[in-house]
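Topology and contacts: notes
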Amino acid sequence: MMAKGVTDQFSVTSFHLDETLDVLTYLPPHYATENRYPMIIAQDGKDFFQLGRVVRILDELILTGQIEPVLFFGIPYQNVADRYQKYHPAGEKNEAYIQFLYEELLPVIEGKFSVASGGQNRALAGDSLAATVSFMTTLTVPKIFSKVLLFSPYVDDQVLAEARSFQDWNDLTIYHVVGLEERNVKLSSGGVMDFLAENRRLKNIIPNHVKRYFYEEFSGDHTWKYWQKDLPRAFTYLFPKI
């Protein structure tokens, strides 16, 4: 019988957010505490597990030797309002959530699991607003989280301003995709946005000489129907088997 990864969850009490958050976990097949593993932390974590089907994808990629064995952690949001407050650049809890990721969650993970040190062994991931907060966290602490997976991130003037002022692009590994049919995406806060145009603006800010930046516009819209299919390539780009 083929080995499989193991899923579980744990809770973290955050001083910055003044709440206790659940964290979904995936440990790779043959996980052993004497080894040190890279990690991925996903916002919209429940969606990655359920809609993205990351367990099946990671098992297959790891067991076929396409990627390094990785640990995957997913942080679910409570509701639409909670998601906006934590993930949106203008959200009341956005700064606190970013601090939670590197000041509170990361030390707990390092205490509970056998993970490798260094930013190139740590990736953040997200879709839409979840990609935005992942990206903004990477720009805030690039030495702590040096890799990021961006599925159709929400991009506004604040995100673009942060990108323009950022200097250490060659410290990062970025996987960035957006759909050609994302011209009129309905926002949870109301209104619509041309995600394709805004992501192109972001792409044009990132310097051409950056070595580890993957960008592509796929044939599809702003849904997991398309992001799910792209997960194998994304994971392989971030943590290829060496």
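All of these numbers come straight from a predicted model, not from anything done at the bench.

A few words now on the pairing of strand β6 (residues 147-151). Strand residues, when the strand is regular, have side chains that alternate between the two faces of the sheet. Judged by how many residues are buried, β6 sits mostly within the fold: 5 of 5 residues are covered. Note that strand β5 (residues 122-127) and β6 share 5 bridges and pair parallel. The partner of Ala125 across the bridge, within β6, is Leu149. In this view, the connection linking β5 to its parallel neighbour β6 by way of helix α5 (residues 129-140) has right-handed handedness. Taking the sense of rotation as the criterion, the β-α-β connection linking β6, helix α6 (residues 157-165) and strand β7 (residues 173-179) turns out right-handed.

In contact at an axis separation of 10 Å, helix α4 (residues 94-112) and α5 are set at 65 degrees when each is read in the N-to-C sense. As judged from the angle between their axes, α4 and α5 are roughly perpendicular. In terms of crossing hand, the pair formed by α4 and α5 is right-handed. Packed against α4, whose contacting residues are Asn94, Tyr97, Ile98 and Leu101, the element α5 presents Val133, Met136, Thr137 and Thr140 at the interface. Counted by class, the contact of α4 with α5 contains 5 nonpolar, 3 polar and no charged residues.

A few words on the nonpolar core. Ranked by internal contacts, the top residues of the largest apolar core, which has 57 residues, are Ile41, Phe73, Tyr97, Phe100, Leu105, Ile109 and Trp169. A per-element tally of this core places α4 first, with 9 residues. If we skip the residues at most four places from it in the chain, Phe73 touches Phe10, Val23, Leu24, Thr25, Met39, Ile40, Ile41, Ala42, Ile109 and Phe113. Judged by nonpolar contacts, the second largest core, of 29 residues, contains Leu61, Phe151, Tyr175 and Leu238.

A separate point is the side chain of Thr137. Locating Thr137 in the fold gives a position in helix α5. Beyond its immediate sequence surroundings of up to four residues, Thr137 is in contact with Ile98, Leu101, Leu124 and Phe145.

Let us look at α5. Since one α-helical turn is 3.6 residues long, residues separated by three or four positions face the same way. For α5, which comprises 12 residues, the first-to-last C-alpha distance of 16 Å matches the rise-based estimate of 16 Å (1.5 Å per residue) to within 8%. Burial runs high along α5: 11 of the 12 residues are buried. Residues of α5 that are buried: Leu129, Ala130, Ala131, Thr132, Val133, Ser134, Phe135, Met136, Thr137, Thr138 and Leu139.

A few words now on the side chain of Thr138. Mapped onto the elements of the fold, Thr138 is located in helix α5. Looking at Thr138, the relative accessible area reads 1%, which means it is buried. From its side chain, Thr138 meets the backbone oxygen of Ser134 in a polar contact 3.0 Å long.

Turning to the sheet that holds β5, a few remarks are in order. Backbone hydrogen bonds hold the strands of a sheet together, and the pairing may be parallel or antiparallel. Strand order in the open sheet formed by 8 strands is β1-β2-β4-β3-β5-β6-β7-β10, and the pairing between neighbours is mixed. Each end of this open sheet is capped by a strand with a single partner; those strands are β1 (6-14) and β10 (213-218). Strand after strand, the sheet turns through a mean of 15 degrees between neighbouring axes, direction not considered. Lying on the sheet, α4 is in contact with β1, β2 (19-27), β3 (39-43), β4 (71-75) and β5; it crosses β1 at an angle near 125 degrees. Packing of helix α8 (residues 224-238) onto the sheet brings it into contact with β3, β4, β5, β6, β7 and β10, and relative to β6 it is tilted by some 160 degrees.

Enumeration according to the criterion identifies 12 salt bridges in this entry. Two residues, Glu216 and Arg233, come together in a salt bridge whose shortest N-O distance is 2.9 Å. Taken as a pair, Glu216 in strand β10 and Arg233 in helix α8 lie far apart in primary sequence, 17 residues in all. With its nearest N and O atoms 2.9 Å apart, the salt bridge here joins Asp230 to Arg233. One end of the pair is Asp230 and the other is Arg233, both in helix α8 and 3 residues apart, which spans about a single turn. Overall, Arg233 belongs to the partly exposed group, its relative accessible area being 34%.

Definitions and cut-offs
- Residues numbered from 1 in each chain as written.
- Predicted model: local features only at pLDDT ≥ 70, side-chain atom pairs only at ≥ 80, totals over all residues.
- Heavy atoms only, no water.
- Buried < 20%, exposed > 50% of the residue type's maximum accessible area, 1.4 Å probe, protein only.
- Helix = DSSP H or I, 4+ residues; strand = E, 2+ residues; numbered from the N terminus.
- Pairing = 2+ DSSP bridges.
- Right-handed = clockwise from strand over helix to strand, strands pointing away.
- Axes fitted to C-alpha atoms, helices over the stretch in contact; angles between N-to-C directions.
- Parallel < 35°, antiparallel > 145°, perpendicular 65-115°, else oblique.
- Left-handed = near helix turned anticlockwise from the far one by under 90°.
- Contact = heavy atoms within 4.5 Å.
- Nonpolar A, V, L, I, M, F, W, Y, C, P; charged D, E, K, R; others polar.
- Core = buried A, V, L, I, M, F, W, Y, C linked by side-chain atoms within 4.5 Å.
- Expected span 1.5 Å × (residues − 1).
- Polar contact = N/O pair within 3.5 Å; in protein donor to acceptor, adjacent residues only side chain to side chain.
- Salt bridge = Lys/Arg side-chain N within 4 Å of Asp/Glu carboxyl O.

Read these as layout, nothing more, since geometry by itself doesn't imply function.
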